[in-house]
Amino acid sequence: MAIVAVAAAMASGCGDDTSSPSGGDATVTAVATTTQVADFLRQVGGERVDVRQLLQPNSDPHGYEPRPSDAAAVAEADVVMRSGGDLDGWLDGLLESAGTDAPQVELIQAVERIDGGTGQSAHAEEEDHAHDHGESADPHWWQDPRNAVAAVLAIRDALIAADPDGRAEYITNARAYNRTLHRLDRAVAACIGEIPPARRKLVTTHDALGYYADRYGIEVVGALIPSQSTAAQPSAGDVDELVDQIEHERVAAIFPESSIDPRLERAVSRETGAKVGEALWADTLGAKGSGGATYVESIRSNTAALVEGLTGGAKRCRP
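Everything numeric in this text was worked out from a predicted model, so none of it was measured.

**Q** Just give me the short version of the sheet that holds strand β3 (residues 79-82), but keep the residues and values in it.
**A** The strand order across the open sheet formed by 4 strands is β2-β1-β3-β4, and the pairing between neighbours is parallel. Whereas interior strands pair on both sides, the edge strands pair on one side only; in this sheet they are β2 (49-53) and β4 (104-106). Each strand of the sheet is rotated relative to its neighbour by a mean of 25°, with strand direction disregarded. Inspection of the sheet shows strand β1 (residues 28-32) paired to β2 by 5 bridges, in the parallel sense. Opposite Ala30, over in β2, you have Val51 as the bridge partner. Strand contacts of helix α4 (residues 91-98): β3 and β4, with the helix running at about 165° to β3, the strand carrying the most contacts.

**Q** Outline the nonpolar core, listing residues and values.
**A** Core analysis: the largest hydrophobic core is formed by 58 residues, its most contacted members being Leu41, Met81, Trp141, Leu159, Leu181, Tyr212 and Tyr295. Among the secondary structure elements, those contributing two or more residues to this core are β1, α2 (35-45), β2, β3, α5 (145-162), α6 (167-192), α7 (210-216) and α10 (295-310). Of the residues forming this core, the biggest block, 9 residues, is contributed by α5. Residues contacting Tyr295, with those up to four places away along its chain left out, are Asp39, Phe40, Trp142, Asp144, Pro145, Ala148, Tyr177, Leu181, Leu184 and Leu285. Counting residues in hydrophobic clusters, the runner-up holds 14 residues, among them Ala71, Val74, Ala77 and Trp90.

**Q** Describe in detail the pattern of salt bridges, supporting the description with residues and values.
**A** Inspection of the entire model under this criterion finds 14 salt bridges. Of the charged contacts in the structure, one is a salt bridge between Asp88 and Arg82, with a shortest N-O distance of 3.8 Å. For the pair Asp88 and Arg82, one class covers both residues: buried. Salt bridges sharing common partners tie together Asp50, Arg52 and Glu76.

Quick notes on the rules
- Residue numbers here run from 1 along each chain, matching the order of that chain's written sequence.
- Whole-chain, interface and lining totals are the exception, using all residues; otherwise, since this is a predicted model, local features are given only for residues with pLDDT of at least 70 and side-chain atom pairs are given and counted only at 80 or more.
- Neither water nor hydrogens contribute to the side-chain values; these are computed over all heavy atoms in the structure.
- By definition, two strands form a pair when at least two bridges between them are found by DSSP.
- Secondary structure counts use DSSP, requiring at least four H or I residues in a row for a helix and at least two E residues in a row for a strand, with both numbered from the N terminus.
- Here an axis means a line fitted to C-alpha atoms, over the contact stretch when the element is a helix, while the angle between two N-to-C directions is reported on a 0 to 180 degree scale.
- Should any heavy atoms of two residues lie within 4.5 Å, those residues are counted as being in contact.
- Nonpolar cores are built from buried Ala, Val, Leu, Ile, Met, Phe, Trp, Tyr and Cys residues. Side-chain atoms within 4.5 Å join them into one set.
- Accessibility here uses a 1.4 Å probe with only protein chains present; expressed as a share of the type maximum, an area under 20% marks a residue as buried, one over 50% as exposed, and anything in between as partly exposed.
- The term salt bridge refers to a pairing of a side-chain nitrogen on Lys or Arg with a carboxyl oxygen on Asp or Glu at a separation within 4 Å.

So this is what it looks like as structure tokens:
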């Protein structure tokens, strides 16, 4: 019960306002709901796209409350990019209040999805679910770099539709960035290969690393908040069950998330003897200068943290 009391006291952090227009050469104004989507947009759009990022670094998207300035940004947008699923469901109200007719791109519909917490594929081509915002799927699709590649292609096509004159630049930028993502994917796989298979057991704050685990052969033992949303709260029974699992599976480390107070992880660590690993970038990227300031850096940092934590410091590998 003491551990659950810690959970109830947790609060997510919030970064400074870092909206970053591309400058006077921009020909397209694009709104991005999340930090990851904004980063992908900047990589593909370059100087032609003025990116209006709604969620700021270290902000928890699950509990976000839109501001009047967000509605203004949506009203002025030529295109709106959302991550999809329940991660940014709050965008629906913004779209209604802004009264915009700008095209909307839901990136979760462009990627290979897994059902919420089950690890089963939910292919984007299932047309009968085309308008459900991917709500039945795990919304953390970007944790698999192959999905980032697919999202980049969807962003490229949307920008070409909005700005045909920029076609060549968008194609070139997307191709170059996707080469980086493919290299990242191979490097992460090599690093995870340094972890003995018996130690590839993951416990995180909430169910946010399912795609990463599925891609790289890691067993998800459980999460301190047994939900894909940080808005949920664990019960005493949930925590007791997870403590038993951690001890039974001999999990080496549990990993907090960068945007959430780690007191719950510390409490469970004291109960089980599992170490507290370095904080992971889960729902949000970090501020400039942090280890998760960009999508690529976030995946690199997460991988390095997992290798060191799950091997007890015996191995170190940064993609």
